[in-house]
Amino acid sequence: MDLSFYQRKALQTAIYPEESRISYPAMGLAGEVGEVMNKIKKVYRDKGGVFDTTTKQEIASELGDVLWYLAVLSQDLGQGLDAVAEKNLNKLADRQERGVIAGSGDNR
């Protein structure tokens, strides 16, 4: 499945007030990332850091929710998900070429 197809399908289920564009999916994205992190945290607390098949599937399911919010937020920002992904890959390739892939900060 390509990202633009996914984004079009995701938007068919995006139901929230017009005045909440951008903020609603941004908050949802943060919440879903928190759910991913909570599942990972519990692996260390409850399973000695061992990621079993069921847990991996549960985390992957949460990643699907992250993707949905990312697709909707991208649309609200006027960006296709394909374009967002392509820009990111170009940014990373440029950093790698310049030898600054490691480190922190947006402007490296």
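Up top is the structure.
Residues numbered from 1 in each chain as written. Predicted model: local features only at pLDDT ≥ 70, side-chain atom pairs only at ≥ 80, totals over all residues. Heavy atoms only, no water.

Describing the environment of Leu70
Filter applied, for reference: Secondary structure elements are defined from DSSP: runs of H or I of at least 4 residues count as helices, runs of E of at least 2 residues count as strands, and each element is numbered from the N terminus. Exposure classes here rest on a 1.4 Å probe applied to the protein chains alone. A residue is buried below 20% of its type maximum, exposed above 50%, and partly exposed in between. The contact criterion used is simple: two residues touch if any of their non-hydrogen atoms lie within 4.5 Å.
Within the secondary structure layout, Leu70 lies in helix α3 (residues 53–76). By relative accessible area, Leu70 is classed as partly exposed at 33%. Taking the C-alpha atoms as reference points, Leu70 and Gly31, separated by 39 residues in sequence, lie 12 Å from one another. Excluding residues that lie within four positions of it along the chain, Leu70 makes contacts with Leu29 and Leu81.

Observations concerning the pattern of salt bridges
Heads up, the rule is: Definition used for salt bridges: Asp or Glu carboxyl oxygen within 4 Å of a side-chain nitrogen of Lys or Arg.
One pass over the structure, following the stated rule, counts five salt bridges. One salt bridge connects Asp46 with Arg45, and the closest N-O pair in it is separated by 2.7 Å. You can call Arg45 exposed: its relative accessible area is 54%. Put simply, Lys47 and Asp52 hold a salt bridge, and the shortest N to O gap is 3.2 Å. Given a relative accessible area of 31%, Asp52 falls into the partly exposed group.

What about helix α4 (residues 81–97)?
Given 3.6 residues per turn, any residue in an α-helix points the same way as the ones three and four places further on. The condition that has to hold: A helix is expected to span 1.5 Å for every residue after the first.
In this model α4 runs 24 Å from its N-terminal to its C-terminal C-alpha over 17 residues, within 8% of the 24 Å that 1.5 Å per residue would give. Downstream of α4 by a residue or two, Gly99 has a phi angle that is positive, lying close to 75°.

A word on unusual backbone geometry
In this structure, Ile22 takes a positive phi of about 75° despite not being glycine. Mapped onto the elements of the fold, Ile22 is located in the loop between α1 (3–11) and α2 (23–46).

Here's the deal with the packing of aromatic side chains
To keep it simple, the criterion reads: Only Phe, Tyr and Trp rings are paired, with Trp represented by its six-membered ring, and only when their centres lie within 6.5 Å; those with planes under 30 degrees apart are stacked, over 60 edge-to-face, the remainder tilted.
Evaluation of the coordinates by the stated rule reveals four aromatic pairs. Measuring from ring centre to ring centre gives 6.4 Å for Tyr24 and Tyr69, while their planes differ by 50°; the resulting arrangement is tilted. Linking Tyr24 in helix α2 with Tyr69 in helix α3, this pair joins segments that are 45 residues apart in sequence. Centroid distance Tyr44 to Phe51: 5.9 Å. Interplanar angle 80°. Geometry classified as edge-to-face. For Tyr44, a relative accessible area of 53% puts it in the exposed group. Overall, the relative accessible area of 29% leaves Phe51 in the partly exposed class.

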